[in-house]
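# Notes for the structure review
Residues per chain, in single letters:
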Amino acid sequence: MAGLFDPLRVGPLELRNRIVMPPMATQLSTTKGEVTEGLIEHYARRAGGLGLLIVEHAYVTVGGKLSERQLGIHDDALIPGLKKLVAKIHSLGTSIALQINHGGRWTDKEITGVEPVAPSPVTFEDGTSARGLSPDEIENLVEAFVEAAGRAVEAGFDAVEVHGAHGFLLNQFLSPLTNGRRDGYGGSLENRMRFPLNVVQGVKGRIGEAPLLYRLGADDMKPGGFEIKEAKKFAQRLVEAGVNILDISGGLCGGSPAQLQGRQGYFMPLAEAMKDVVDVPVIGVGGITEPEFADRIVRENRVDLVAIGRALLKDPDWAIKAKRCLS
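Scope of this entry: the structure provided in the associated data block. Just so it is clear, the structure is predicted and the values come from calculations on it, not from any experiment.

### Describing the layout of surface pockets
The calculated volume of the largest pocket comes to roughly 410 Å³. Surrounding the largest pocket, 27 residues form its lining, Pro23, Met24, Arg215, Gly255 and Ser256 being those nearest its centre. For the lining of the largest pocket, the secondary structure elements donating two or more residues are strand S4 (52-59) and helix H11 (310-314). Among the elements that line the lining of the largest pocket, the one with the most residues is H11, at 3 residues. Quantified by volume, the second largest pocket comes out at close to 160 Å³. Classifying every residue of the lining of the second largest pocket by side-chain character gives 3 nonpolar, 3 polar and 4 charged.

Following this line, the structure appears as structure tokens:
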């Protein structure tokens, strides 16, 4: 059985091992979303020994931007800087992917200059609001994701990840708690899946043989929300639409739900549930810190890849040390 340091081939891409650095926002870009030397240094310092590095979520439109110094992928002018980042990581022998995203209802007009959008209108306790998207706007956003993915491939990224977790726009469409639409994009699971699946199909059509990842928020962990039963069906549809790797995390609960803290691999049950119904590699994540634990869950075929997040932020040499530890 394969272990943590065995290679994994996904289409034309061969990962040298099963360790993944998941996307984690750094706020190291310029206010225009451009790559900086600080951003390159941050990733280069942690790339040694990894199988795959997934760069933090990049916004596909200005209206989907979440924070002032978030990385962008919405404009061709950003491609040269992204090429520099890719070249540096490739020089270290590591494969690199870019996550693309739209913040939806969680964007801020003071940052984007436009009113936040959502599957359906919502007003927050502080009096701010987000308006519901029209069908034409949804189609335009599909194209924005597609164009962003094309830029990522042009910049040299080995793979692209679509962000459908942590309460952002695609996750908002899936959840009954945030999608109150009464048209073809709301109500039944089939309708709530339509926008995310259209994004996936469009992106896959643009990037061709390059692997496509989808970060799936497999459980909102809120009463009445999106849950595992529906996530299994959605996972199968994602694979049918062209997804090559499923990256399993939380839904509206976010990436670090308070109720799950205190144990390694807290999203592992979700990853295992998805692995039961798909035949593509699955990434497991959730506070994993020990190389022995990471190796064991791969050898037991519970997941195919292991994402190491905060442990890599704390110790940039985690992967290098893990190999020594397991040798």
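Next comes the rest of the write-up.
### Observations regarding the pattern of salt bridges
Scanning the model with the defined rule gives 16 salt bridges in all. For Arg131, the salt bridge identified is with Glu137, shortest N-O distance 2.7 Å. Relative accessible area serves as the criterion here: at 31%, Arg131 is assigned to the partly exposed category. Between Glu272 and Arg302 there is a salt bridge, and its shortest N-O distance comes to 3.3 Å. Here Glu272 is found in helix H9 (residues 268-275), whereas its partner Arg302 is found in the loop between helix H10 (291-299) and strand S13 (305-307), with 30 residues between them in sequence. Accessibility expressed as a relative area gives 26% for Glu272, which makes it partly exposed.

### Points about the nonpolar core
Within the largest apolar cluster, 108 residues are counted, with the highest numbers of intra-cluster contacts made by Ile100, Val203 and Leu246. Sort the elements by how many residues they give to this core and helix H4 (residues 135-154) lands first, with 9 residues. Setting aside chain neighbours within four positions, we find Leu246 in contact with Tyr214, Ala235, Leu238, Val239, Val278, Val280, Pro281, Val282 and Ile283.

### A closer look at the sheet that holds strand S12 (residues 282-284)
Strands sit in the order S3-S4-S5-S9-S10-S11-S12-S13 around a closed barrel of 8 strands; the barrel is parallel. Geometrically, the sheet is characterised by an average inter-axis angle of 30 degrees between neighbouring strands, direction not taken into account. As defined by bridge partners, strand S5 (residues 95-101) adjoins strand S9 (residues 159-164) across 4 bridges and the pair is classed as parallel. Along S9, the bridge assignment pairs Ile100 with Val162. Here helix H7 (residues 194-207) sits on the sheet and contacts S5, S9 and strand S10 (212-217); the angle it forms with S10, its principal contact strand, is near 165 degrees. Packed onto the sheet, H9 meets S10, strand S11 (245-249) and S12 and runs at close to 170 degrees relative to S12.

Cut-off values and rules
Residue positions are given per chain, counting from 1 as you read along its sequence in written order. Restriction of local features to residues with pLDDT of at least 70 applies here, the model being predicted, together with a cutoff of 80 or more for giving and counting side-chain atom pairs; totals for whole chains, interfaces and linings are based on all residues. With hydrogens and water excluded, all non-hydrogen atoms of the structure serve as input to the side-chain values. Within this scheme a cavity is a closed region of a 1 Å grid, computed over the protein atoms alone, that accommodates a 1.4 Å probe without allowing it to escape, whereas a pocket is open but has protein on both sides within 12 Å along at least five of seven lines; lining residues each have an atom within 4 Å of a point. Grid points are joined across faces, edges and corners, and a volume is the space filled by probe spheres set on the points. Elements are defined by DSSP. Helices are runs of H or I of four residues or more, strands are runs of E of two residues or more, and each kind is numbered from the N terminus. Ten residue types, Ala, Val, Leu, Ile, Met, Phe, Trp, Tyr, Cys and Pro, are classed as nonpolar, four, Asp, Glu, Lys and Arg, as charged, and the remainder, Gly among them, as polar. Each reported salt bridge corresponds to a side-chain nitrogen of Lys or Arg within 4 Å of a carboxyl oxygen of Asp or Glu. Under the scheme applied here, a residue whose accessible area is under 20% of the maximum for its type counts as buried, over 50% as exposed, and between as partly exposed, the area being computed with a 1.4 Å probe on protein chains only. Side-chain atoms within 4.5 Å are what join buried Ala, Val, Leu, Ile, Met, Phe, Trp, Tyr and Cys residues into a set we call a nonpolar core. It only takes one pair of heavy atoms within 4.5 Å for two residues to be counted as in contact. The rule for pairing is simple: two strands pair if DSSP sees at least two bridges between them. Under this scheme, a helix contributes an axis fitted over its contacting stretch, all axes are lines through C-alpha atoms, and angles between N-to-C directions fall in the 0 to 180 degree range.

That is the geometry; function is a separate question.
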